[in-house]
Amino acid sequence: MRLKIIRDDDSIMHVAIVGRLDVQGVNDIQYEFLNQTTSLPKSTLVDLSQVPFLGSLGIGMLLSAAKSLERRGAKLVLLNPTALVTQALETADPHHVMPIATAEAAALEMIR
């Protein structure tokens, strides 16, 4: 489990999660993820293209960050989730808090 910082500037945070967001994966990354994405109120793109599995704890971690940002006027957008991750997200239906984009340009438009 790994968190990669793609972009961190004055207006946008863009991170990529690599690995499974199951119980162990969330335990490994949650503190760093929430610290990187919610310490400042700036909109965040979360690339999920390298996440093969997303469990309920992973959804909870993402929702926690999205709600924290939303309270401070920023947004969290999920980018390029795999088919299995998309299915898990559709079941949980968190689209009103954290929309999903399949292209970076579309994701950037969603956070403007």
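Calculation rules
- Residues numbered from 1 in each chain as written.
- Predicted model: local features only at pLDDT ≥ 70, side-chain atom pairs only at ≥ 80, totals over all residues.
- Heavy atoms only, no water.
- Pairing = 2+ DSSP bridges.
- Helix = DSSP H or I, 4+ residues; strand = E, 2+ residues; numbered from the N terminus.
- Buried < 20%, exposed > 50% of the residue type's maximum accessible area, 1.4 Å probe, protein only.
- Contact = heavy atoms within 4.5 Å.
- Core = buried A, V, L, I, M, F, W, Y, C linked by side-chain atoms within 4.5 Å.
- Expected span 1.5 Å × (residues − 1).
- Bend = angle between axes of the 7 residues up to and from the residue.
- Lys, Arg positive; Asp, Glu negative; His and termini not counted.
- Salt bridge = Lys/Arg side-chain N within 4 Å of Asp/Glu carboxyl O.
- Polar contact = N/O pair within 3.5 Å; in protein donor to acceptor, adjacent residues only side chain to side chain.

S.K.: Any chance you could explain the sheet that holds strand 5 (residues 100–101) here in plain terms?
M.R.: Ordered by their spatial adjacency, 5 strands build an open sheet running 1-2-3-4-5, and the pairing between neighbours is mixed. Looking along the sheet, the strands with just one partner apiece sit at the ends: strand 1 (2–8) and strand 5. The sheet contact formed by strand 1 and strand 2 (residues 12–18) spans 6 bridges and is antiparallel. Its bridge partner lying in strand 2, Asp8 is registered against Met13.

S.K.: How do you make sense of the environment of Val26 when you look at a structure like this?
M.R.: When you line up the elements, Val26 lands in helix 1 (residues 23–38). Given a relative accessible area of 2%, Val26 falls into the buried group. The spatial distance from the C-alpha of Val26 to the C-alpha of Leu57 is 6.7 Å, given a sequence separation of 31 residues. Val26 has contacts with Leu21, Leu57, Gly58 and Met61, leaving out every residue within four places of it along the chain.

S.K.: What is the right way to look at the nonpolar core in this model?
M.R.: Core analysis: the largest hydrophobic core is formed by 26 residues, its most contacted members being Ile17, Phe33, Val46, Leu48 and Leu62. The biggest single contributor to this core is helix 2 (residues 56–71), with 6 residues. Counting residues in hydrophobic clusters, the runner-up holds 8 residues, among them Ile12, Leu79, Ala101 and Ile111.

S.K.: Just checking my understanding: could you explain helix 1 for this structure?
M.R.: It helps to recall that an α-helix has 3.6 residues per turn; residues three or four apart then point in one direction. Taking 1.5 Å per residue as the helical rise, helix 1 with its 16 residues ought to reach 22 Å, and the 21 Å between its terminal C-alpha atoms agrees with that figure. The sharpest bend along helix 1 measures roughly 50° and falls at Ile29. For helix 1, the complete set of buried residues consists of Gly25, Val26, Ile29, Phe33, Thr37 and Thr38. Buried residues along helix 1 sit in contact with strand 1, strand 2, strand 3 (43–50) and helix 2.

S.K.: Is there a simple way to explain the side chain of Asp47 in this structure?
M.R.: Along the chain, Asp47 falls in strand 3. No salt bridge is formed by the buried Asp47, whose closest oppositely charged neighbour, Lys4, lies at an N-O distance of 7.6 Å. A distance of 2.7 Å separates polar atoms of two side chains, one belonging to Asp47 and the other to Ser49. In this structure, Asp47 is in contact with His14, Val15, Ala16, Ile17, Leu79 and Asn80, ignoring residues within four places of it in sequence.

S.K.: How do you make sense of unusual backbone geometry when you look at a structure like this?
M.R.: A negative phi holds for most residues other than glycine; trans holds for most peptide bonds. Unlike most non-glycine residues, Asn80 shows phi in positive territory, near 55°. Along the polypeptide, Asn80 turns up in the loop between strand 4 (76–79) and helix 3 (83–92).

No statement about biological role is implied by the geometric values presented.
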